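Structural overview for review
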Amino acid sequence: MGFSVNRITQSLVRPAEPTPIVSESLSVIDRVPGLRHTVRSLHVFEHGKEPASVIRSALSKALVWYYPFAGRFVGSVPDEDVHVACTGEGVWFVKAEAGCTLEDVNKLDHPLVVSEDELLPQPGPNMDPLSMPAMMQVTEFTCGGFVIGLIAVHTLADGLGAAQFLHAIADLARGLPEPIVKPVWGRELIPNPPKLPPGPPPVFPSFNLQQHISDVDSTDVARVKAQYLESTGHYCSTFDVCIAKTWQARTQSIGLHPEKPVHVCFFASTRHLLPVLPKEGFYGNCFYTVTATATSGAVTSAKLIEVVKMIRDAKAKLPGDFAKWAVGDFNKDPYELTFDYSSLFVSDWTRLGFLEVDYGWGPPSHVVPFQYVHFMAVAILAPPPAPKKGTRIMTQCVEKEHLSTFKDEMKSFF
């Protein structure tokens, strides 16, 4: 059975009060070319009362504080003159209605019964989505539930920053006079190391990557954590265990030569490594690329806790590597990524703060991220829909001929 979504109104939401008409410079991390892309997500709420109207009004008020979101990007990354023109033009906002209940579409659990394209905002005529920091669609269901479809350009905010912006909208939707956390621009506080001579432009291959979802039980993760503690005397995280399993399962399934290096890459927040940043409020990009590398043979033949240790060892280098980068002590730009089939890129959505956003009717039952592109093998960690427990691993990381083996490897945690 197909379910359709009807877009009722579409318009730009401007700040509720006059805002500064200024040009805001971006940090060197903001200007990483790979960040000029849209991050799409669905936020599913089971209760609401005229949510589109309430959220639209709150968004207008929040833009008084977060006025760069109402501006436009000017220039092309990574040029140093790229900036945000704070023009107050507004955020593209769509109100939509679905002629069904959330139950009818399985509360948007996997697999999606309604295409994400119907639940995400479509830009208006002559609009460039990559010039607009954010777009939003609120789709109301007949049961009183609603879904927020958010499209945000990574250049302006990382995951923590995007969640902070949504929390500000939610604070105002609940009737607070101002956001609990006040925004801090602070891009001048991000290190700006000397630039290396420009290298060749990045190569974006095209893979036929297949999507797959694995729900990992918390008891299985706890068992691996206990084994790791017994073996090493150290603790590890759920992230470490889930990524180690995914990296090993993927490496086993794609069957590269045993001596071929394989990589798992993830982006770790470095807010705690910059004491000049305020403890809260900064919403720009502040992360560093962490990469674990080993031969294909080493990853496939290792015990799972040994792969966990590879992840832990890579993470342990973060403070030193970031400090060296901050002063220009590096030979290769860590933010220049190489996209090939031997690399797995990981995004962790479990601790960004999206699941605590409350517009007045309770937090979302779950959040569905979409960070899939044809040139990058990706694994996304997210909580499964409530009331399920554990961790959901959403992947688009193997081609069709490797999918069956990958599924089998992911089924068994030992």
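From a predicted model like this one, the values you see are computed outputs, not experimental measurements. All chains use their own residue numbering, which begins from 1 and follows the written sequence. Given that this is a predicted model, residues contribute local features only at a pLDDT of at least 70 and side-chain atom pairs are listed and counted only at 80 or more, while totals for whole chains, interfaces and linings are drawn from all residues. Water and hydrogen atoms play no part in the side-chain values, which are based on all heavy atoms of the structure.

Buried means the residue's accessible area, taken with a 1.4 Å probe over protein chains only, is under 20% of the maximum for its type, while exposed means over 50%, and partly exposed covers the values in between. Put simply, DSSP marks the helices as runs of H or I at least four residues long and the strands as runs of E at least two long, and each gets a number from the N terminus on. Across the six residues that make up strand β12 (residues 343-348), a large majority, six, are buried. Burial along β12 is two-sided: the face carrying Ser343, Phe345 and Ser347 and the face carrying Leu344, Val346 and Asp348 are both buried. We treat two strands as partners when DSSP finds at least two bridges between them. The sheet contact formed by strand β10 (residues 261-269) and β12 spans four bridges and is parallel. Within β12, the position partnered with Cys265 by the bridge is Phe345. Where β12 lies against strand β14 (residues 378-382), four bridges are found, and the strand directions are parallel. Paired with Asp348 across the bridge in β14 is Leu381.

Our next topic: the pattern of salt bridges. The rule for a salt bridge is simple: a side-chain nitrogen of Lys or Arg has to be within 4 Å of a carboxyl oxygen of Asp or Glu. Taken as a whole and assessed by the stated rule, the structure comprises 16 salt bridges. When the shortest N-O distance is used, the salt bridge between Asp30 and Arg187 registers 2.6 Å. In this pair, Asp30 sits in the loop between β2 (22-25) and β3 (38-45) while Arg187 sits in the loop between α3 (159-173) and β9 (209-216), placing the two residues 157 residues apart along the sequence. By relative accessible area, Arg187 is classed as buried at 4%.

Note that Arg392 resides in strand β15 (residues 391-399). Under this definition, polar contacts are N or O atom pairs within 3.5 Å; protein pairs additionally need one hydrogen-donor-capable and one acceptor-capable atom, and for neighbouring residues in sequence, both atoms have to be side-chain atoms. At a separation of 2.7 Å, a polar atom in the side chain of Arg392 contacts the side chain of Asp215. Excluding anything up to four places from it in sequence, Arg392 contacts Asp109, His110, Ile213, Ser214, Asp215, Ile380, Leu381, Ala382, Pro383, Pro384 and Pro385. Whether two residues touch is decided by their heavy atoms; if any such pair falls within 4.5 Å, the residues are in contact.

Our next topic: the pairing of β14. The buried fraction of β14 is high, at five of five residues. Side chains Val378, Ile380 and Ala382 of β14 all project onto a buried face; the interleaved residues Ala379 and Leu381 project onto the opposite face, where all are buried too. Of the pairings in the sheet, the one linking β14 to β15 comprises five bridges and is antiparallel in character. Looking across to β15, one finds that Ala379 is bridged to Thr395.

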